[in-house]
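Here is how the chains run, residue by residue.
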Amino acid sequence: MGTSILDLSHVWLSVIAGGQGTRLFPYSHPERPKQFCQLNKDDKFIQAAIRNFVSQGIKKTQITIATTNAQQTALAKEQVVSRGILSQNINEISPDYGYAGAMVEMTKIIYGIDPEAVIINTPSDQYIVPDEDFSKTIYDAVNEAEKGNFVIVGVKVNDLDTAMGCGHALYEEAQEQAGCFKVEGFIEKPSRETANQIMRAGNSACNTGINVWKAKTLLDAIGDFDVTGLATDALMKILQPNLEIAVGNFEWRDCGTLKSLYEISKKTPNHRNASFGGGEIDRFECLDGLFLCDEGYRLHVAGSVDDAVIVSTIDSRPIVAVINKNESARVKKLAEDYARNQDLLTNDFSILAHNNFVMRSNISKETITCFVCVENYIVNTYRAADGMVDVFVSKQIAPV
């Protein structure tokens, strides 16, 4: 690691990759959850998570992946084995555990391989700049875990919406030891008022989801406790007598929403548009837009401002979504409704959207078209002679 740890031979990385990423629907969907989507031109989310810690010296043979169904397992093997991760270190566990329970279950698995293991648990779907401060923070956390403490890796956040969506560790600044603070309390996803209060107080840090502990210490603390459905804040309360937080200053983002994905993406200098995916994308008079297009499609967009346009495939059908990228809560609800009833989405499906139209073409009946909190768009999908699907999305000037 950047700040040298003498012995990495027993340091393991456990990547929890069993979520769905509903707030990125339909870029993320049941056939391709968020952690297996493209994060940037080089990496999928899960590949970036692994890269962050390999850069710190973690051995690829000591990286494990937790998935919760066969589809996720297949995608994990496809995306990480080629990066040097052992296929036998990809473990399919019950989806009933949740994030906290998954960390405990993976600790049991790693302990069976290496009883001396110190485990860095991490989500598979966040954005981190692995700079020198990140290295120091992980170094501090690992060294404290070696002593038998449980360590949350935290960061300060300045965005209220981000603060409301995260857990927060409260600590006493006077109790700093070796770069870590003793945790006095834990608040999971606070209300707007509470989030505002704890951000202003200054004695808290956002839980990045990265938690570090020695395998044996964690299992001794948990004992025979049933971790099925265990919430993160409940786990932290169990561990609190020996719970610390390493507060870092590295860049960290929860990339759970279209807005946050836009914010961390590389943008065009003049019009601040972000575009990626395996498909072809061209834009005309677009501003502050996010354009996500899968391989096999050509996306042509005109006049879009501050919205997200997503082209993907669900259940072998093209899906075109035009979404106000600030409406993550409505996107999440749409994804959850779709998961319960896959017949929900039909052509011209809308949520609080007005004056939008779908032009009929040679694959109109195949295509799912979705509008969320946008207006005055026209969408046309057409299968070209070369087999590619051309998607045309244009924003029309509202009549006076």
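For the structure itself, consult the block above.
Conventions and cut-offs
- Residues numbered from 1 in each chain as written.
- Predicted model: local features only at pLDDT ≥ 70, side-chain atom pairs only at ≥ 80, totals over all residues.
- Heavy atoms only, no water.
- Pairing = 2+ DSSP bridges.
- Helix = DSSP H or I, 4+ residues; strand = E, 2+ residues; numbered from the N terminus.
- Axes fitted to C-alpha atoms, helices over the stretch in contact; angles between N-to-C directions.
- Salt bridge = Lys/Arg side-chain N within 4 Å of Asp/Glu carboxyl O.
- Buried < 20%, exposed > 50% of the residue type's maximum accessible area, 1.4 Å probe, protein only.
- Right-handed = clockwise from strand over helix to strand, strands pointing away.

Undergrad: Just give me the short version of the sheet that holds strand S21 (residues 377-383), but keep the residues and values in it.
TA: One open sheet accounts for five strands, arranged S13-S15-S22-S21-S19; its pairing is mixed. Lying at the two open borders of the sheet, with one neighbouring strand each, are strand S13 (280-284) and strand S19 (357-359). Between one strand and the next, the sheet's axes are offset by a mean angle of 15 degrees, whatever the strand orientation. For strand S15 (residues 297-302) and strand S22 (residues 389-395), the ladder comprises six bridges, and the chain directions are parallel. Looking across to S22, one finds that Leu299 is bridged to Val391.

Undergrad: Tell me about the sheet that holds strand S12 (residues 274-276), and name the residues and values.
TA: Taken in spatial order, the six strands line up as S12-S14-S16-S17-S20-S18 in an open sheet, and their pairing is mixed. The sheet is open, and its two borders are formed by S12 and strand S18 (349-351), each paired with just one other strand. Each adjacent strand pair in this sheet contributes to an overall mean axis angle of 10 degrees, direction not counted. Where S18 and strand S20 (residues 368-372) come together, three bridges link them in parallel fashion. When the sheet's bridge partners are listed, Ile351 is paired in S20 with Val372.

Undergrad: So what about the pattern of salt bridges? Which residues, and what values?
TA: Pairing of side chains with opposite charge becomes possible as their charged atoms draw close. Inspection of every chain in the model, using the stated rule, returns 19 salt bridges. Residues Lys216 and Asp220 are paired through a salt bridge, measuring 2.9 Å at the closest nitrogen-oxygen approach. Of this pair, Lys216 and Asp220 both sit in helix H7 (residues 215-222), four residues apart, which is roughly one turn of that helix. Taking the relative accessible area as the measure of exposure, Lys216 reaches 41% and is therefore partly exposed. The closest approach of N and O atoms between Glu366 and Arg383, which form a salt bridge, is 3.4 Å. Taken together, the residues span a long stretch of sequence, with Glu366 in the loop between S19 and S20 and Arg383 in strand S21 at a distance of 17 residues. Residue Glu366 is classed as partly exposed on the basis of its relative accessible area, which comes to 35%. Among the charged side chains, a network of salt bridges with common partners joins Asp43, Arg51 and Arg83.

Undergrad: Which residues make up the pairing of strand S2 (residues 63-67), and what values do they have?
TA: Taking burial as the measure, the five residues of S2 include five buried ones, the bulk of the element. Here S2 shows two buried faces, one formed by Ile63, Ile65 and Thr67 and the other by Thr64 and Ala66. In this sheet, S2 lies alongside strand S1 (residues 11-16) in parallel orientation, the contact comprising four bridges. Opposite Ile16, over in S2, you have Ala66 as the bridge partner. Each parallel crossover has a hand, and for S1 linked through helix H1 (residues 45-54) to S2 it is right-handed. Sheet analysis places S2 next to strand S3 (residues 90-92), joined by three bridges and oriented parallel. In the sheet register, Thr67 faces S3, and the bridge partner there is Glu92.

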